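Structural overview
Here are the chains, one letter per residue:
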Amino acid sequence: MEKGPFSVEWLAQSSRSGGRGMTGSPPQTPPSVPADTPRDREAAERRSPGHEAESGGAAPARSRTKFSAAQLQELERSFREQRYIRAGEKRRLAAVLNLSQSQIKTWFQNRRMKFKRQTQDAR
């Protein structure tokens, strides 16, 4: 098996040494390889701007969560009490509101940004 960039051996060596070479030298990066294989060209095309529109096979974006009035009321009440949610409160709200903890966390992040814009606009 070849020990080229991102080979299993190269990755294993870099993970064992904590991202450093075996001698404690700075992190080793794989040498750049020109895109001369079909696989390399495909990867380069995926990184190019505007490729998402032409691929057609990309996974659709997650749809926006529509919160119910009861969910919003409880989220707003919790936000008024404390702008930064604790882990326990996040778990409790997720269970009570039938939402994921990630949705709760994102709602609080977005709500803090909305609050920041509102206070800046008021000045």
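The rules behind these values
- Residues numbered from 1 in each chain as written.
- Predicted model: local features only at pLDDT ≥ 70, side-chain atom pairs only at ≥ 80, totals over all residues.
- Heavy atoms only, no water.
- Axes fitted to C-alpha atoms, helices over the stretch in contact; angles between N-to-C directions.
- Helix = DSSP H or I, 4+ residues; strand = E, 2+ residues; numbered from the N terminus.
- Left-handed = near helix turned anticlockwise from the far one by under 90°.
- Contact = heavy atoms within 4.5 Å.
- Nonpolar A, V, L, I, M, F, W, Y, C, P; charged D, E, K, R; others polar.
- Buried < 20%, exposed > 50% of the residue type's maximum accessible area, 1.4 Å probe, protein only.
- Expected span 1.5 Å × (residues − 1).
- Salt bridge = Lys/Arg side-chain N within 4 Å of Asp/Glu carboxyl O.

Structural notes on the packing of helix H4 (residues 69-81) against helix H6 (residues 101-122)
- Packing of H4 against H6 leaves a shortest axis separation of 11 Å and a crossing angle of 65°. Of the two elements, H4 crosses H6, and the hand of that crossing is right-handed. Seen from H4, the contacting residues are Leu72, Leu75, Glu76, Ser78 and Phe79; seen from H6, they are Ile104, Trp107, Phe108, Arg111, Arg112 and Phe115.
- Among the residues forming the contact of H4 with H6, the class breakdown is seven nonpolar, one polar and three charged.

Concerning unusual backbone geometry
- Notably, Asn98 is not glycine yet its phi reads approximately 60°, a positive angle.
- Tracing the backbone through its elements, the reader meets Asn98 in the loop between helix H5 (87-97) and H6.
- Here Asn98 falls in the exposed class, since its relative accessible area comes to 69%.

Regarding H6
- Its 22 residues place the ends of H6 32 Å apart at the C-alpha level, agreeing with the 32 Å of an ideal helix rising 1.5 Å per residue.
- Elements that come into contact with the buried residues of H6 comprise H4 and H5.

Overview of the pattern of salt bridges
- In this structure the tally under the stated criterion is five salt bridges.
- Its salt-bridge partner being Glu74, residue Arg92 comes within 3.2 Å of it at the nearest N-O pair. Separated by 18 residues along the polypeptide, Arg92 in helix H5 and Glu74 in helix H4 bring together distant segments of the chain.
- Given the relative accessible area of 33%, Arg92 is considered partly exposed.
- The buried category is assigned to Glu74, whose relative accessible area is 18%.
- Here Arg92 ties to Glu89 by a salt bridge, and the two come within 2.9 Å at their closest N and O atoms. On the criterion of helical spacing, the pair formed by Arg92 and Glu89 is a turn pair, its members being three residues apart in helix H5.

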